[in-house]
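Residue strings, one per chain:
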Amino acid sequence: MTERELILLGFKSEEMREHDEDESYYYVLDIVDGITFITPPNEEIKEDNWYVDFFNTDPIIRFHEFEEVQMLVTQLKNKIIK
């Protein structure tokens, strides 16, 4: 998926700030407390081919396709009990 598609899904950019000149960032989307999607840093992405992982899982659960992530995010958000 592209960076633009991540933004369309509601992902927010987070700066890594290891050094003052560092322009590294990644994207995060919190669904609810305990369910978060995260991307690798932008410097690891080639040709705008982003992917997302569920944060802090073992083994890693990874998605590459926009449509898959869009469907999953929609389903998860629709199941939230308020």
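Look above for the structure.
Note that the structure is predicted; figures quoted are calculated from it, not measured.

K.L.:
Go over the nonpolar core with me, naming the residues and quoting the values.
P.N.:
Membership of the largest hydrophobic core comes to 17 residues, with the highest contact counts inside it found for Met1, Leu6, Phe11, Phe37, Val52, Phe63 and Val69. Sorting the residues of this core by element identifies strand 2 (25–32), strand 4 (52–54) and helix 2 (66–78) as the ones contributing at least two each. Among the elements that take part in this core, helix 2 stands out by supplying four residues, more than any other. Among all residues touching Val52, those that are not within four sequence positions of it are Met1, Leu6, Phe11, Phe37, Ile38, Thr39, Ile61, Arg62, Phe63 and Val69.

K.L.:
Before we move on, can you summarise the environment of Phe11 with the specific residues and values?
P.N.:
Within the element layout of this structure, Phe11 appears in the loop between helix 1 (3–8) and strand 1 (12–15). Overall, Phe11 belongs to the buried group, its relative accessible area being 3%.

K.L.:
Let's hear about the sheet that holds strand 3 (residues 35–38): which residues, and what values?
P.N.:
Strand order in the open sheet formed by five strands is 1-2-3-4-5, with antiparallel pairing between adjacent strands. The sheet is open, and its two borders are formed by strand 1 and strand 5 (62–63), each paired with just one other strand. The sheet contact formed by strand 4 and strand 5 spans two bridges and is antiparallel. Residue pairing across strands places Val52 opposite Phe63, the latter belonging to strand 5.

K.L.:
Give a detailed account of the side chain of Thr39, specifying residues and quantitative values.
P.N.:
Note on placement: Thr39 falls in the loop between strand 3 and strand 4. A distance of 2.8 Å separates the side chain of Thr39 from the backbone nitrogen of Tyr27, its partner in a polar contact. In contact with Thr39, not counting residues within four places along its chain, are Leu6, Tyr26, Tyr27, Trp50, Tyr51 and Val52.

Conventions we followed
- Along every chain, residues carry numbers that run from 1 in the direction the sequence is written.
- Given that the model is predicted, a residue must reach a pLDDT of at least 70 before its local features are reported, and side-chain atom pairs must reach 80 or more before they are shown or counted; all residues, however, enter totals for whole chains, interfaces and linings.
- Side-chain measures were taken over the full set of non-hydrogen atoms in the model, leaving aside hydrogen atoms and water.
- Throughout, nonpolar core names a set of buried Ala, Val, Leu, Ile, Met, Phe, Trp, Tyr and Cys residues whose side chains join them through atoms within 4.5 Å.
- A 1.4 Å probe rolled over the protein chains alone gives each residue an accessible area, and that area as a share of the maximum for its type sets the label: buried under 20%, exposed over 50%, partly exposed in between.
- Runs of E in the DSSP output that reach at least two residues are strands. Runs of H or I that reach at least four are helices, and both are numbered from the N terminus.
- Here, residues are in contact when the closest pair of their heavy atoms is within 4.5 Å.
- The pairing criterion is simple: DSSP has to find at least two bridges between the two strands.
- A 3.5 Å cut-off defines polar contacts: any pair of N or O atoms within that distance qualifies, except that in protein one atom must be a possible hydrogen donor and the other a possible acceptor, and neighbouring residues in sequence count only when both atoms are side-chain atoms.

Limitation: the analysis is restricted to geometry and does not speak to function.
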